[in-house]
Number of protein chains: 2
Amino acid sequence: MSQSRAYHHGDLRRALLDAAVEVMAESGPAALSLRDLARRAGVSHAAPAHHFGDKAGLLTALAAQGFELLAEALRDAGDDLVDTGVAYVGFAVRRRAHFEVMFRPDLYRADDPEVVAAQARAGELLRTGVARRTGRGPDVDALAAWSIVHGFATLWLSGALPPRVGPDPEAAARIVISRLFP
Amino acid sequence: MSQSRAYHHGDLRRALLDAAVEVMAESGPAALSLRDLARRAGVSHAAPAHHFGDKAGLLTALAAQGFELLAEALRDAGDDLVDTGVAYVGFAVRRRAHFEVMFRPDLYRADDPEVVAAQARAGELLRTGVARRTGRGPDVDALAAWSIVHGFATLWLSGALPPRVGPDPEAAARIVISRLFP
DNA sequence: AGTCTAACTTGCCATTGACAAGATAGCTCG
DNA sequence: CGAGCTATCTTGTCAATGGCAAGTTAGACT
């Protein structure tokens, strides 16, 4: 039932977002082309523009979706601070495409209402996760926690970490985070 | 003496790299165009190809230069571990263009000999900085230290940090790093 | 002076993002 | 039932880009 209708793809918007994630997951954000996405979805080269306006529009939608998924992942991680940090790293690795767009605001419209809202939700979960532990200034703890998990995730994704770290990013992350919150 | 010679720019290679840094510093790596760089240098649109082969070649040279500059910055930071971390963040902020390319290996040829060598030099400095402190497994300490400074720097550059953190990234970084190595 | 080579140019092509104008489908409402 | 309305998609076009090929020039070295 893929090409049943010449017009009206059915769910082009979702199909384009999914294709974008697939492309970026294997070739990085730089390899993204609206025309390629259109080809993959079997529509004309100008179809994406209708749903997203332009390339930045598509990436804006993808970033918003990403922050939603991150919030969800953090919620599912439970109450433990270390578990939350591990979940952050797990999200970055598993949803690599989303993660890479989310923290590259030059690629999309970071002031988009949907993005801002989802971003706030995820940020809140991160902060409350840390607030339960604290010790020193909770601000410092939160910032340190966010920095260490974000840094680990970013370094992992960029391939900069030495092989010695091992093949399992979440296991390694757990050890590193425990170093910050013994 | 800028346009004294129609041919033989004099130092086109350096001029192109400098222009690339300038463009990326204000508009991000996505806005980089070889033809624009050529225009800024006053040469034809194909001149850059002679020096760098292609766009990835130019970014490879820029990444290698970046790792050299990072090594230099870490060396200048002295022996203290926290100072080294602050210097890392300072480098990311001050040499934003270099930093952003360095950790995006999909943009350049990460297996380039010059890059690998410079990368090794900088990594060595980072590791010895941590080794002087240690306590637990030095591997874990090093990884945690790198993660926290890299994460802070990345978050700062992406504009994701709340305004409350203040205007001075290095001051804020010092507090955060001290949280890891009290 | 003659030759050789590195540095640059001109010209070209496929691809891309963006825009404009048109076509179609399916819904709504009389 | 059918006439119009609107969201959805298409075709056509343009300027800009990266990359390649083939020339041209400067200047170094005999």
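What you are looking at is a predicted structure, and each value in this text was computed from that prediction instead of being measured. (Residues numbered from 1 in each chain as written. Chains lettered and ligands numbered in written order. Predicted model: local features only at pLDDT ≥ 70, side-chain atom pairs only at ≥ 80, totals over all residues. Heavy atoms only, no water.)

**As for the interface of chain B and chain A**
Part 1 of the reasoning: The partner chain A presents 34 residues to the 34 residues of chain B that form the contact.
Part 2 of the reasoning: Surface buried jointly by chain B and chain A totals about 3,000 Å² across both partners, of which 69% is contributed by carbon and sulfur atoms.
Part 3 of the reasoning: The three residues of chain B that bury the most area against chain A are Leu 143, Leu 155 and Arg 179 of chain B, which together make up 21% of that side's buried surface.
Part 4 of the reasoning: Inspection of the chain B/chain A interface yields six residue pairs in polar contact (both at pLDDT 80 or more).
Part 5 of the reasoning: Looking at the side of chain B that touches chain A, the elements with two or more residues in it are helix 8 (138-158) and helix 9 (169-180) of chain B.
Part 6 of the reasoning: Sorting elements by how many residues they give to the side of chain B that touches chain A places helix 8 of chain B first, with 14 residues.
Part 7 of the reasoning: Taken together, the residues that form the side of chain B that touches chain A break down as 20 nonpolar, six polar and eight charged. (Contact = heavy atoms within 4.5 Å. Buried area = accessible area lost by both parts, 1.4 Å probe. Polar contact = N/O pair within 3.5 Å; in protein donor to acceptor, adjacent residues only side chain to side chain. Helix = DSSP H or I, 4+ residues; strand = E, 2+ residues; numbered from the N terminus. Nonpolar A, V, L, I, M, F, W, Y, C, P; charged D, E, K, R; others polar.)

**Some points on the relation of the copies chain B and chain A**
Part 1 of the reasoning: With an RMSD of 0.0 Å, chain B superimposes on chain A once it is rotated by 180° and translated 0.0 Å along the axis. These values place the two chain copies in the arrangement generated by a two-fold rotation axis. Within chain B, the C-alpha atom positioned nearest to the axis of rotation is that of Gly 151 of chain B, 1.6 Å from it.
Part 2 of the reasoning: A symmetric contact is evident, with 100% of the interface residues of chain B recurring at the interface of chain A. (Least-squares fit on C-alpha atoms with pLDDT ≥ 70 in both.)

**Observations concerning the packing of helix 4 (residues 55-76) of chain B against helix 5 (residues 81-94) of chain B**
Residues and elements named next belong to chain B.
Part 1 of the reasoning: Remark: helix 4 packs on helix 5, axes separated minimally by 9 Å, with the N-to-C direction vectors making an angle of 145°. Helix-helix and strand crossings are classified by hand; for helix 4 and helix 5 the assignment is right-handed. Taken together, the residues of helix 5 that come into contact with helix 4 (itself represented by Gly 66, Leu 69, Leu 70, Ala 73 and Leu 74) are Thr 84, Ala 87, Tyr 88 and Phe 91.
Part 2 of the reasoning: Class assignment for the residues of the contact of helix 4 with helix 5 results in seven nonpolar, two polar and no charged. (Axes fitted to C-alpha atoms, helices over the stretch in contact; angles between N-to-C directions. Left-handed = near helix turned anticlockwise from the far one by under 90°.)

**Observations concerning the packing of aromatic side chains**
Part 1 of the reasoning: Applying the stated criterion across every chain yields a total of ten aromatic pairs over all chains.
Part 2 of the reasoning: For the ring pair Phe 67 of chain A and Phe 103 of chain A, a centre distance of 6.1 Å and an interplane angle of 70° mean the geometry is edge-to-face. Highlighted residues: Phe 67 of chain A in helix 4 (residues 55-76) and Phe 103 of chain A in the loop between helix 6 (96-102) and helix 7 (113-131), separated in sequence by 36 residues. For the pair formed by Phe 67 of chain A and Phe 103 of chain A, the shared burial category is buried.
Part 3 of the reasoning: Pairing Phe 99 of chain B with Phe 103 of chain B gives two aromatic rings, centres 5.1 Å apart and planes at 55°, and the pair type is tilted. Each member of the pair, Phe 99 of chain B as well as Phe 103 of chain B, carries the same accessibility label: buried.
Part 4 of the reasoning: In textbook terms, an aromatic cluster arises when at least three aromatic residues are bridged by ring pairs, as seen for Phe 67, Tyr 88, Phe 91, Phe 99 and Phe 103 of chain A. (Phe/Tyr/Trp six-rings, centres within 6.5 Å; stacked < 30°, edge-to-face > 60°. Buried < 20%, exposed > 50% of the residue type's maximum accessible area, 1.4 Å probe, protein only.)

**A word on the side chain of Arg 104 of chain B**
Part 1 of the reasoning: Its place among the elements puts Arg 104 of chain B in the loop between helix 6 (96-102) and helix 7 (113-131).
Part 2 of the reasoning: Beyond its immediate stretch of four places on either side in the chain, Arg 104 of chain B contacts Arg 104 of chain A together with Pro 29 of chain B.

**Observations concerning the domain arrangement of chain A**
Residues and elements named next belong to chain A.
Part 1 of the reasoning: Domain assignment breaks chain A into domain 1 (8-53) and domain 2 (55-180).
Part 2 of the reasoning: Taken residue by residue, the interface counts twelve residues in domain 1 and 15 residues in domain 2.
Part 3 of the reasoning: Carbon and sulfur atoms supply 76% of the area that domain 1 and domain 2 bury against each other, a total of about 1,100 Å² over both sides.
Part 4 of the reasoning: Contact with domain 2 buries surface across domain 1, with Leu 17, Met 24 and Phe 52 losing the most and accounting together for 39% of the total.
Part 5 of the reasoning: At the surface where domain 1 touches domain 2, the tally comes to zero salt bridges.
Part 6 of the reasoning: Inspection of the domain 1/domain 2 interface yields one residue pair in polar contact (both at pLDDT 80 or more).
Part 7 of the reasoning: Elements represented by at least two residues in the side of domain 1 that touches domain 2 include exactly helix 1 (12-27) and helix 2 (34-41).
Part 8 of the reasoning: For the side of domain 1 that touches domain 2, the class distribution of residues is eleven nonpolar, no polar and one charged. (Domains from an automatic or database assignment. Salt bridge = Lys/Arg side-chain N within 4 Å of Asp/Glu carboxyl O.)

**Describing the nonpolar core**
Burial of nonpolar side chains together is a common tendency in soluble globular proteins.
Part 1 of the reasoning: Core analysis: the biggest nonpolar cluster contains 125 residues, and Leu 58, Tyr 88 and Phe 152 of chain A together with Leu 58 and Tyr 88 of chain B have the highest contact counts within it.
Part 2 of the reasoning: Each residue touching Leu 58 of chain B, except ones within four places of it in the same chain, is listed here: Leu 16, Leu 17, Ala 20, Leu 32, Leu 34, Leu 37 and Phe 52 of chain B. (Core = buried A, V, L, I, M, F, W, Y, C linked by side-chain atoms within 4.5 Å.)

**Observations concerning the environment of Val 82 of chain B**
Part 1 of the reasoning: Of note, Val 82 of chain B is situated in helix 5.
Part 2 of the reasoning: Put simply, Val 82 of chain B and Ala 173 of chain B are 91 residues apart on the chain and 9.1 Å apart in space, counted from C-alpha to C-alpha.

**Quick word on helix 1 of chain A**
Residues lying three or four places apart along an α-helix face the same way, a consequence of the helix completing one turn every 3.6 residues.
All names here are of chain A.
Part 1 of the reasoning: Under the 1.5 Å per step criterion, the end-to-end length of helix 1 is 22 Å for 16 residues, consistent within 8% with the ideal 22 Å.
Part 2 of the reasoning: All buried positions along helix 1 are accounted for by Leu 12, Leu 16, Leu 17, Ala 19, Ala 20, Val 23 and Met 24. The arc that holds every buried residue of helix 1, seen down its axis, measures 165°, which confines them to one face. Residues of helix 1 that are exposed and point over 90 degrees away from its buried face: Arg 14 and Glu 26.
Part 3 of the reasoning: The secondary structure elements touched by the buried residues of helix 1 are helix 2, helix 3 (47-52), helix 4 and helix 6.
Part 4 of the reasoning: Directly beyond the C-terminal end of helix 1, a positive phi value near 80° is found at Gly 28. (Expected span 1.5 Å × (residues − 1). Arc of directions from axis to C-beta.)

**Some details on the protein's contact with DNA strand D**
Part 1 of the reasoning: Contacts to DNA strand D come from 25 residues, most closely from His 9, Ser 44 and His 51 of chain A together with Arg 35 and Arg 39 of chain B.
Part 2 of the reasoning: Among atoms of DNA strand D positioned within 4 Å of the protein, sugar and phosphate together represent 61%.
Part 3 of the reasoning: Between a phosphate oxygen of DNA strand D and a side-chain N or O atom of Arg 39 of chain B, the distance comes to 2.6 Å.
Part 4 of the reasoning: Breaking the surface near DNA strand D down by element, the ones donating at least two residues are helix 3 of chain A together with helix 2 (34-41) of chain B. (Near = heavy atom within 4 Å.)

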